[in-house]
Amino acid sequence: MDEKQAAKKKKIREQVLNYTLMDDTFMTVFFNDDLECTAFVLQVILEKPDLKVTQAKSQYTIANMKGRSAR
C-alpha cells in the first residue's frame, strides 16, 4: 500500500470512529435487517424490556441521477 492509499484509509477510519447512531448513514446500516440491535435500542429508549421486534428495515433510498436523492 502506498502512502496516498494509507492516508485515505486513515481518513476513512477516523470518520467511521466518529460516527454515532445519530448519523443518518451509520444508523441506516446499523439497523438494516438487524432485529437484535433494533430491539435493544427500542427497549432502552421506550423502557419496555419485553418489547419484541419482528421486522427491521432501514430507510429506502431512491437515487436521482439528475439531482438529489430521496429517502
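Please refer to the structure placed before this passage.
First things first, this report covers the structure right here in the doc. One numbering rule holds for all chains: residues counted from 1, following each sequence as written. Since the coordinates come from a predicted model, pLDDT governs what is reported: local features require at least 70, and pairs of side-chain atoms require 80 or more to be given and counted, while whole-chain, interface and lining totals use all residues. Excluding hydrogens and water, the side-chain figures rest on all heavy atoms present in the structure.

Quick look at the overall build of the protein
Logical step 1: For helices the rule is a DSSP run of H or I covering at least 4 residues; for strands it is a run of E covering at least 2, with both sets numbered from the N terminus onward. In terms of regular secondary structure, the protein is built from three helices and zero strands.
Logical step 2: Reading the protein from its N end, one meets helices and strands in the order α-α-α.
Logical step 3: Here the protein has a C-alpha radius of gyration of 17 Å; the compact-globule value for 71 residues is 11 Å, and the former is much larger.
Logical step 4: Throughout, a residue-residue contact means that at least one pair of heavy atoms, one from each residue, lies within 4.5 Å. Taking as baseline every contact in the protein between residues at least 6 positions apart, the subset at least 24 positions apart corresponds to 23%.
Logical step 5: Only four residue types enter the charge count, namely Lys and Arg as positive and Asp and Glu as negative; His and the chain termini do not. Here the site of a charge means NZ on Lys, CZ on Arg, CG on Asp, or CD on Glu. If the 12 positive side-chain charges of the protein are averaged to one point and the 10 negative ones to another, these points end up 9 Å apart. Computation of the radius of gyration draws on C-alpha atoms, with the globule rule given as 2.2 Å multiplied by the number of residues to the power 0.38.

Describing the side chain of threonine 28
Logical step 1: Note that threonine 28 resides in helix α2 (residues 24-31).
Logical step 2: A distance of 2.8 Å separates a polar side-chain atom of threonine 28 from the backbone oxygen of aspartate 24.
Logical step 3: Residue contacts for threonine 28: discarding those within four places in its chain leaves Ser58, Gln59 and Arg71. Side-chain atoms alone can form a polar contact between residues adjacent in sequence; in general such a contact is a pair of N or O atoms within 3.5 Å, and within protein one must be able to donate a hydrogen while the other accepts it.

Overview of a nonpolar patch on the surface
Logical step 1: Residues qualify for a patch when their relative accessible area is over 30% and they have no salt bridge, like charges being joined within 9 Å and the nonpolar side chains of Val, Leu, Ile, Met, Phe, Trp and Tyr within 5 Å. Here the Shrake-Rupley method, with its probe set to 1.4 Å, supplies the accessible areas, and only the displayed protein chains count as covering residues. Salt bridge, as applied in this entry: a Lys or Arg side-chain nitrogen positioned within 4 Å of an Asp or Glu carboxyl oxygen. Among the surface-exposed residues, Ile12, Val16 and Tyr19 lie close enough to one another that they form a single nonpolar patch of about 250 Å² accessible area.
Logical step 2: Along the polypeptide, tyrosine 19 turns up in the loop between α1 (3-17) and α2.
Logical step 3: Only protein chains enter the area calculation, which uses a 1.4 Å probe; residues under 20% of their type maximum are buried, those over 50% are exposed, and those in between are partly exposed. With a relative accessible area of 35%, tyrosine 19 lands in the partly exposed category.

Some thoughts on the packing of aromatic side chains
Logical step 1: To pair, rings of Phe, Tyr and Trp, with the six-membered ring standing in for Trp, must have centres within 6.5 Å; the planes then decide the type, stacked if under 30 degrees apart, edge-to-face if over 60, and tilted in the middle. Under the definition given, this model contains three aromatic pairs.
Logical step 2: Look at phenylalanine 30 and phenylalanine 31: their rings are 4.9 Å apart centre to centre, the planes differ by 85 degrees, and that puts the pair in the edge-to-face class.
Logical step 3: A relative accessible area of 28% means that phenylalanine 30 is categorised as partly exposed.
Logical step 4: Residue classification places phenylalanine 31 among the buried positions, given a relative accessible area of 16%.

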